[in-house]
Amino acid sequence: MKLHWKSFSIVGCLLYTLFILVACGNTEYEFSSKPCFFIFDNSTHNDPTLAAAMTPYSGTYATVTLTNHGGARYFKFSSNQGTSSESIFDGVDSRRSLILGMNDGLIVGYGVLTDPVTFYAYDRECPNCFSPDALPVRSYPLHINSTGIATCNTCNRKYDLNNGGILAEGEKGNKMTRYRASTTGPYGILSVN
């Protein structure tokens, strides 16, 4: 029996195609492809609530939202440890592009289950209830307890912020929407994209 190189190349291509189809099937990406862009310089704002969330091993997560008072824009920070604060937009903030997740809210903080610790940024909306395409858009914000468990009051699912936002309790569903994030320290620069 004589085999030709054409037979081997056809078989090789078929095996390669099968491998690609199997390898890419039902893949869950670590980071969201949804737009998010947030840079905050805490060396100029000196916000203590955000600084606690940007401190490794603190167990603190902070939600980041926007608010207005008397025509001025503010960043609002609330932590799972019961603290909250606001920081007015400065001139640099006003010139920067800003997309705070899918519905103007983020959750940031260090996970405490790995060493070295991982800095996380999540969308504040429940990944199983919120749809940016729904009309009207309805908010399903997650609420965080002191141990880093985020809960949706609508579907009652619980997510573990310390473990990549995986579903910790409730019906099967998606894990939390995660964005790439870094920090240069408690009173440094926070970057989420």
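Rules behind the numbers
- Residues numbered from 1 in each chain as written.
- Predicted model: local features only at pLDDT ≥ 70, side-chain atom pairs only at ≥ 80, totals over all residues.
- Heavy atoms only, no water.
- Core = buried A, V, L, I, M, F, W, Y, C linked by side-chain atoms within 4.5 Å.
- Buried < 20%, exposed > 50% of the residue type's maximum accessible area, 1.4 Å probe, protein only.
- Helix = DSSP H or I, 4+ residues; strand = E, 2+ residues; numbered from the N terminus.
- Contact = heavy atoms within 4.5 Å.
- Pairing = 2+ DSSP bridges.
- Axes fitted to C-alpha atoms, helices over the stretch in contact; angles between N-to-C directions.
- pLDDT = per-residue confidence, 0-100.

Draft legend 1. Expanded view of the nonpolar core. Of all hydrophobic cores here, the largest spans 21 residues; its most connected members are Phe38, Leu106, Val108, Leu190 and Val192. Sort the elements by how many residues they give to this core and strand 5 (residues 106-110) lands first, with three residues. Not counting chain neighbours up to four residues away, the residues in contact with Leu106 comprise Cys36, Phe38, Ala62, Thr63, Val64, Leu100, Gly101, Tyr122, Arg124, Tyr179 and Val192. Tyr120, Tyr122, Cys126 and Leu161 belong to the second-largest nonpolar core, a separate cluster that totals twelve residues.

Draft legend 2. Looking closely at unusual backbone geometry. Cis rather than trans, the peptide bond between Leu135 and Pro136 has omega equal to -5 degrees. With respect to the helices and strands, Pro136 occurs in the loop between strand 6 (119-123) and strand 7 (142-144). Even without being a glycine, Tyr57 presents a positive backbone phi close to 65 degrees. Looking at where Tyr57 falls in the secondary structure, it is placed in the loop between helix 3 (48-53) and strand 2 (61-69).

Draft legend 3. Up close: the sheet that holds strand 1 (residues 38-41). Strand order across the open sheet formed by three strands is 1-13-12, with antiparallel pairing between neighbours. Among the strands making up the open sheet, the edge pair consists of strand 1 and strand 12 (181-183). With direction set aside, neighbouring strand axes in the sheet form an average angle of 5 degrees. Pairing analysis gives three bridges linking strand 12 to strand 13 (residues 189-192), with the strands arranged antiparallel. In the strand pairing of strand 13, Thr183 is matched with Leu190.

Draft legend 4. Examining the confidence of the model for the chain more closely. Overall, the prediction assigns the chain a mean pLDDT of 87, with 85% of residues at 70 or greater. Low pLDDT, under 50, characterises residues 11-27; the predicted model gives this stretch zero contacts beyond four residues in sequence or across chains.

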